[in-house]
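The lines below spell out each chain.
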Amino acid sequence: MYIRIDNRKIHFKKVGEGPPMILVHGWGGTMYSLNPLAQLAASKYTTYTLDLPGFGKSDNPPPHWGVEGYADLINHFIKKLQINKPIYIGHSFGGAIGIYIACHMPNLISSLVLCNSSFKREKKVSRFVRIIKPLPSSIRIFLQPVEPTIKKIYYMLFQRSSDLLKYPHLENNFRKIVTQDLTPDTKKISIPTLILWGEDDTQTPVLWAYELEKNIVGSRLVVFPGVRHNLPIKMPEDVWNQINSFYSAL
């Protein structure tokens, strides 16, 4: 199914019956990333999954969007479909969006499930910048007109897994998002929160999970040994069992 929000086409799916639940995928994913989990949850909930703008079958976002732009999209999505305070489940970047919503739009959702969520931003200088920066200013100025081409060739040769190479249409969005540290927002969350994490995650280290547990008062943390960043994709049944247990106890 499709819905138009601010003249932007958004692809989504609705299954199940019961209280509402929205599942939001990570950067580079689509709504199908969390479809197995949504199908399991549909035994008790009305579940909504969607392709975030720029991914899957949804239209691209405007280049100025950061976390807040995506959060506003979710806000309009929930209101346009008249979804009443859903449970929000976010994986990776989807979790970052959930953190922003829980802090700045707390009445929009009833509770929060964060799976290997990217919320901290450590200042890193890319290898490309480290190579270019020591060059004399005269050479850097000379290279400016062809720098985008040089950068693309560099990533193709040395960083083929880079998100900048995989999603060039989202480069401006990605560069903004990776500068937005949501740590202060995590300390302002007051809704029920379940934190699920893969212990061997190298993209969002498990230490971040313990920090989230400390920052979000009353939250519950479950760490899955031997699992990496793809926790809800690789182990949807185990994730669903934890979610079901958490909400059965509320």
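Residues numbered from 1 in each chain as written. Predicted model: local features only at pLDDT ≥ 70, side-chain atom pairs only at ≥ 80, totals over all residues. Heavy atoms only, no water.

Note on placement: S118 falls in the loop between strand 6 (111-115) and helix 4 (127-132). Looking at S118, its side chain comes within polar contact range of the main-chain nitrogen of F93, at 3.5 Å. Beyond its immediate chain neighbours, meaning those up to four positions away, S118 contacts S92, F93, A96, T204 and W208. (Helix = DSSP H or I, 4+ residues; strand = E, 2+ residues; numbered from the N terminus. Polar contact = N/O pair within 3.5 Å; in protein donor to acceptor, adjacent residues only side chain to side chain. Contact = heavy atoms within 4.5 Å.)

Y70, I74, F77 and I97 are the most contacted members of the largest nonpolar core, which totals 48 residues. Once residues lying within four places of it in the same chain are set aside, the contact partners of F77 are I3, I5, I10, F12, I22, Y48, L50 and I83. Membership of the second largest hydrophobic core comes to 23 residues, among which are L37, I87, I89 and V239. (Core = buried A, V, L, I, M, F, W, Y, C linked by side-chain atoms within 4.5 Å. Buried < 20%, exposed > 50% of the residue type's maximum accessible area, 1.4 Å probe, protein only.)

All right, on to the sheet that holds strand 4 (residues 46-50) then. The strands making up a sheet associate through hydrogen bonds between their backbones, and the pairing can be parallel or antiparallel. On the basis of which strands lie adjacent, the open sheet formed by eight strands has the order 1-2-4-3-5-6-7-8 and mixed pairing. Only two strands of the sheet have a single partner each, and these edge strands are strand 1 (2-5) and strand 8 (220-224). Strand-to-strand twist of the sheet, defined as the mean angle between neighbouring strand axes without regard to direction, takes the value 20°. Bridge analysis of strand 3 (residues 20-24) against strand 4 gives four bridges, and the strand direction is parallel. Within the sheet, the bridge partner assigned to P20 lies in strand 4 and is T46. Most of the contacts of helix 3 (residues 93-104) go to strand 5 (residues 87-91), to which it runs at about 140°, and overall it touches strand 3, strand 5 and strand 6. (Pairing = 2+ DSSP bridges. Axes fitted to C-alpha atoms, helices over the stretch in contact; angles between N-to-C directions.)

With twelve residues, helix 3 should reach 16 Å at 1.5 Å per residue; the first-to-last C-alpha distance of 17 Å fits that figure. Judged by how many residues are buried, helix 3 sits mostly within the fold: eleven of twelve residues are covered. Here helix 3 has its buried residues at F93, G94, G95, A96, I97, G98, I99, Y100, I101, A102 and C103. (Expected span 1.5 Å × (residues − 1).)

All right, on to the pairing of strand 3 then. Sheet faces and side chains relate simply in a regular strand, where the side chains alternate between the two faces. Summarising burial for strand 3: four of the five residues are buried, a large majority. Of the crossover connections in this fold, the one passing from strand 3 over helix 1 (residues 35-41) to the parallel strand 4 is right-handed. Here strand 3 pairs with strand 5 via four bridges, running parallel. Within strand 5, the position partnered with L23 by the bridge is I89. (Right-handed = clockwise from strand over helix to strand, strands pointing away.)

A few words now on the packing of aromatic side chains. Applying the stated criterion to the full structure yields eleven aromatic pairs. Ring geometry for F12 versus F77: centroids 5.5 Å apart, planes at 80°, classification edge-to-face. With F12 in strand 2 (residues 8-15) and F77 in helix 2 (residues 67-80), this pair connects stretches of sequence that are 65 residues apart. Pair check on accessibility: F12 and F77 agree, each one buried. Summarising the aromatic geometry, the rings of W27 and F174 are spaced 5.7 Å apart at their centres and angled 45° between planes, so their arrangement reads as tilted. Residue W27 is found in the loop between strand 3 and helix 1, and its partner F174 is found in helix 8 (residues 171-177); the two are separated by 147 residues along the sequence. Exposure remark for W27: the relative accessible area of 17% places this residue in the buried category. The structure contains a cluster of three or more aromatic residues connected by ring pairs, namely W27, F55, W65, Y70, F93, Y167 and F174. Its guanidinium or amino end placed over the ring of W65, R8 lies 5.2 Å from that ring's centre, counting from NZ or CZ. Of note, K9 hangs over the ring of Y2, and the distance from its end group to the ring centre comes to 5.0 Å. (Phe/Tyr/Trp six-rings, centres within 6.5 Å; stacked < 30°, edge-to-face > 60°. Lys NZ or Arg CZ within 6 Å of the ring centre and 35° of its normal.)

Let's shift gears to the side chain of S92. If you trace the backbone, S92 turns up in the loop between strand 5 and helix 3. Residue classification places S92 among the buried positions, given a relative accessible area of 10%. Excluding its chain neighbours within four sequence positions, the residues that come into contact with S92 are G26, C115, N116, S117, S118 and H229.

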